[in-house]
Structures are given as structure tokens and as C-alpha cells.
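Residue-level structure breakdown
What follows is the residue order along each chain.
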Amino acid sequence: RAPSFECIVTNPPYSGDHMERCLRYCVASRRPWCLLLPNFVEQKEFFIDLLGRSSHQRYFVLVPAERYDFHVPCWVTEGRPDGVGDDGRHSPFLSS
């Protein structure tokens, strides 16, 4: 059970059904919310079912001007995702 809140701002895990469950919770809460999600989520069936297709009257999308990178800490050696550079930079999803 969630504590009382005025709005939700979060970056849910991208694995499993976390994004869908988080979005369903946010929509059902009828409170303001802001989620950091990969851009492909807008094309997922659950997103369309909940918010409609390109129904920007119900939501709006903030998109960065340039693709951004995630940074994997240098001490992470096990379970390091493919495509991570020596500097730890990694961008698995389009963000722009």
C-alpha cells in the first residue's frame, strides 16, 4: 500500500512488467505523475489501452534534444550490460 501523496515522479525498472504496472498505478491514482520511460513504451498495447494513441489531451511527452547515456559504475563487473563502453557509458534505448 502506498503512502498518501500529491504526485508521482519516478523512473521504474524497465524489466518484466514494471513499466506497465507503474503506469497502470499512476493512471488509476488520478493524481499528477511523471515517469521516465523509453520512447517505445508509447507504442505498447498497455499504454494505448490506458491513454489512447497520440491522445496528447490526456498526456504530454518531454523529449531530450539529444540522446542521453546511462552510466554504469566502474565497480560493476558482473551483470554488466552488453554495449557498455570502457567509460561506463551506455544508451540501450532511443531517448530523442
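From a predicted model like this one, the values you see are computed outputs, not experimental measurements.

Further remarks concern the packing of aromatic side chains. Under the definition given, this model contains one aromatic pair. Geometrically, the ring pair formed by Phe5 and Tyr25 is tilted, given 6.3 Å between the ring centres and 40° between the ring planes. Of this pair, Phe5 sits in the segment before β1 (8-10) while Tyr25 sits in helix α1 (residues 18-29); the two residues are 20 residues apart in sequence, bridging distant segments of the chain.

A word on the nonpolar core. One finds Leu23, Leu35, Val41, Phe46, Phe47 and Leu51 to be the most contacted residues of the largest nonpolar core, which totals 13 residues. Discounting chain neighbours no more than four positions away, the residues touching Leu23 are Trp33, Leu35, Phe46, Phe47, Leu50 and Leu51.

Once that is clear, we can look at the pattern of salt bridges. Tallied over the entire structure, the rule returns three salt bridges. For Arg21, the salt bridge goes to Asp17, with nearest N and O atoms at 3.6 Å. Ionic pairing is found between Arg24 and Glu20, a salt bridge with its closest N-O pair at 3.0 Å. Of this pair, Arg24 and Glu20 both sit in helix α1, four residues apart, which is roughly one turn of that helix. Taking relative accessible area as the criterion, Glu20 reaches 26% and is therefore assigned partly exposed.

What follows deals with α1. An α-helical turn contains 3.6 residues, so any two residues separated by three or four positions project in the same direction. Between its first and last C-alpha, α1 extends 16 Å over twelve residues, near the 16 Å set by a 1.5 Å rise per residue. Taken together, the buried positions of α1 are Met19, Cys22, Leu23, Cys26 and Ser29. Axial view of α1: buried residues confined to an arc of 130°, hence all on one face. When the buried face of α1 is taken as reference, the exposed residues oriented beyond 90 degrees from it are Arg21 and Ala28. In the stretch just after α1, Arg30 is the one whose phi turns positive, near 60°.

Let's shift gears to the side chain of Ser29. Structurally, Ser29 is set in helix α1. Looking at Ser29, its side chain comes within polar contact range of the main-chain oxygen of Cys26, at 2.7 Å. With residues up to four places along the chain from it excluded, the contact list for Ser29 reads Phe5 and Ile8.

Let us look at unusual backbone geometry. You will see that Arg30, though not glycine, has its phi angle at about 60°, which is positive. Structurally, Arg30 is set in the loop between α1 and β2 (33-35).

The subject of this paragraph is the state of the cysteines. Scanning the entire structure with this criterion turns up zero disulfides. Just so you know, Cys22 is unpaired, no disulfide at all, and the nearest cysteine sulfur is the one on Cys26, 4.3 Å from it. Judged by relative accessible area, which is 17%, Cys22 ranks as buried. Here Cys34 is not disulfide-linked; the sulfur of Cys7 is the nearest cysteine sulfur, at 8.8 Å.

Quick notes on the rules
Residues numbered from 1 in each chain as written. Predicted model: local features only at pLDDT ≥ 70, side-chain atom pairs only at ≥ 80, totals over all residues. Heavy atoms only, no water. Phe/Tyr/Trp six-rings, centres within 6.5 Å; stacked < 30°, edge-to-face > 60°. Helix = DSSP H or I, 4+ residues; strand = E, 2+ residues; numbered from the N terminus. Core = buried A, V, L, I, M, F, W, Y, C linked by side-chain atoms within 4.5 Å. Buried < 20%, exposed > 50% of the residue type's maximum accessible area, 1.4 Å probe, protein only. Contact = heavy atoms within 4.5 Å. Salt bridge = Lys/Arg side-chain N within 4 Å of Asp/Glu carboxyl O. Expected span 1.5 Å × (residues − 1). Arc of directions from axis to C-beta. Polar contact = N/O pair within 3.5 Å; in protein donor to acceptor, adjacent residues only side chain to side chain. Disulfide = S-S within 2.5 Å.

Any functional reading would require information that these geometric values do not contain.
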